[in-house]
Amino acid sequence: MWDARRGCLWWIDVRAQQVLRLEPDDSLVTRWTFPTPLGALALASDGRLAVAMRHALVLFDPATGEMQAHAVLEEGVAGNRLNDGKVSPSGQWWVVGSMDDAPSGKRPTGALYRVGAEGSVATLHRGLTVANGIAWNRAGTTLYFSDSHAGRIWRAAWDEPSGTMGTPQLMAVADEKAGRPDGAWVDADDGYWSAGVSAGRLNRFRDGRLDASLELPCRAPTMPCFGGPGLQELYVTSLVRPTWSSDSGGIDGALLRMPSPVRGAPAALWAVEAGAPAGIAP
């Protein structure tokens, strides 16, 4: 995600267990390594980063390397890990998903959780295999999420003051050819940009329908976001699998940067409370 305060891009490498920062003006990349695989990243209002590790949410200060525990999710669910998450429009909530991390034979043990800035945790939805694609419309009245394994995208009514969602309604089904839905972002015109991880493309949905597709040079994009001056650039992360050949010219697994056809929406800041909560070691 783009950090307008610092003029830089943050992203994660799940398996390398790293948070990365790109300073575009000089192409400088800095890395921080964590003790578990990572699943999501958010910007906190006090300048720190919120990082979802395997089961723990921590607040991380990149200037000092200090980590403060915030919450534990699914510690007793064997085989699961946290995956994807976004801060709600007001900054009050961080909605984080989970997934079955097995290489094959995945089960629908994933869920969506709402984590409060003060440390509260509530379950929003269960029965997902790989929770992904979490985002809100600009008004903050609709929550989007997907299941990458099932190839489905849902939307649900969202009440921001209470952090509650209505009954999810199926918005789209995307197979391997169309691009199973991975990470997602919303643009300034309320277009929902979904990384088609199986088809090398970004799929834009608007008003519940597929509006456009943008072909990419990588085979498996994982998350789009908007950045740069005026949020008029697209950044896209991608993955590479050990069994793949280099048919994409070494682009698989790369971070891509390109002009955007539309202006993006900014990342919300998680309004964490200083010193809250106490408890766990990351």
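Note that the structure is a prediction, hence the values are computed from the model and not measured.

Asker: Break down the nonpolar core for me, with residues and values.
Answerer: Burial of nonpolar side chains together is a common tendency in soluble globular proteins. Formed by 34 residues in total, the largest nonpolar core has its most connected members in Trp10, Val19, Phe34, Leu49 and Val51. Every residue in contact with Trp10, bar those within four places of it in the chain, is listed here: Met1, Asp3, Val19, Leu20, Arg21, Trp32, Leu41, Leu43, Leu49 and Pro62. The next biggest cluster of nonpolar side chains, apart from the first, holds 19 residues, and it includes Leu59, Trp94, Tyr113 and Val272.

Asker: Now, about the sheet that holds strand β19 (residues 192–196): what can you tell me, with residues and values included?
Answerer: A sheet is described by the order of its strands in space; here four strands give the open sequence β18-β19-β20-β21, paired in antiparallel fashion. Looking along the sheet, the strands with just one partner apiece sit at the ends: β18 (181–186) and β21 (209–215). When the angles between neighbouring strand axes are averaged without regard to direction, this sheet yields 25°. In the sheet, β19 pairs with strand β20 (residues 201–206) via five bridges, with the strands oriented antiparallel. Bridge pairing in β20 places Gly196 opposite Arg201.

Asker: Describe the packing of aromatic side chains, naming the residues involved and giving the relevant values.
Answerer: A complete count under the given rule lists nine aromatic pairs for this structure. When the ring of Trp10 is compared with that of Trp32, the centres are 5.6 Å apart and the planes differ by 35°; the resulting orientation is tilted. Of the two residues, Trp10 is situated in strand β2 (residues 8–13) and Trp32 in strand β4 (residues 28–33); the sequence distance between them amounts to 22 residues. The pair formed by Trp10 and Trp32 is uniform in burial state, with each residue classed as buried. Members of the aromatic cluster, joined through ring pairs, are Trp10, Trp32, Phe34 and Phe60. Looking at Arg114, its charged tip hangs above the ring of Trp93, at a distance of 4.4 Å from the centre.

Asker: Pulling in residues and values, what's your account of the pairing of strand β22 (residues 221–227)?
Answerer: Most of β22 is tucked away: six of the seven residues are buried. Bridge count between β22 and strand β23 (residues 233–238): six bridges; the pairing is antiparallel. Residue Gly227 lies in a different strand from β23, and its bridge partner there is Glu233.

Asker: Account for the environment of Arg257, with residues named and values stated.
Answerer: Within the secondary structure layout, Arg257 lies in strand β24 (residues 256–259). In contact with Arg257, not counting residues within four places along its chain, are Pro24, Glu233, Leu234 and Tyr235. Of the polar contacts made by the side chain of Arg257, one reaches the side chain of Glu233; its length is 3.2 Å. For Arg257, the side chain forms a polar contact with the side chain of Tyr235, separated by 3.2 Å.

Rules used throughout
- Residues numbered from 1 in each chain as written.
- Predicted model: local features only at pLDDT ≥ 70, side-chain atom pairs only at ≥ 80, totals over all residues.
- Heavy atoms only, no water.
- Core = buried A, V, L, I, M, F, W, Y, C linked by side-chain atoms within 4.5 Å.
- Buried < 20%, exposed > 50% of the residue type's maximum accessible area, 1.4 Å probe, protein only.
- Contact = heavy atoms within 4.5 Å.
- Pairing = 2+ DSSP bridges.
- Helix = DSSP H or I, 4+ residues; strand = E, 2+ residues; numbered from the N terminus.
- Axes fitted to C-alpha atoms, helices over the stretch in contact; angles between N-to-C directions.
- Phe/Tyr/Trp six-rings, centres within 6.5 Å; stacked < 30°, edge-to-face > 60°.
- Lys NZ or Arg CZ within 6 Å of the ring centre and 35° of its normal.
- Polar contact = N/O pair within 3.5 Å; in protein donor to acceptor, adjacent residues only side chain to side chain.

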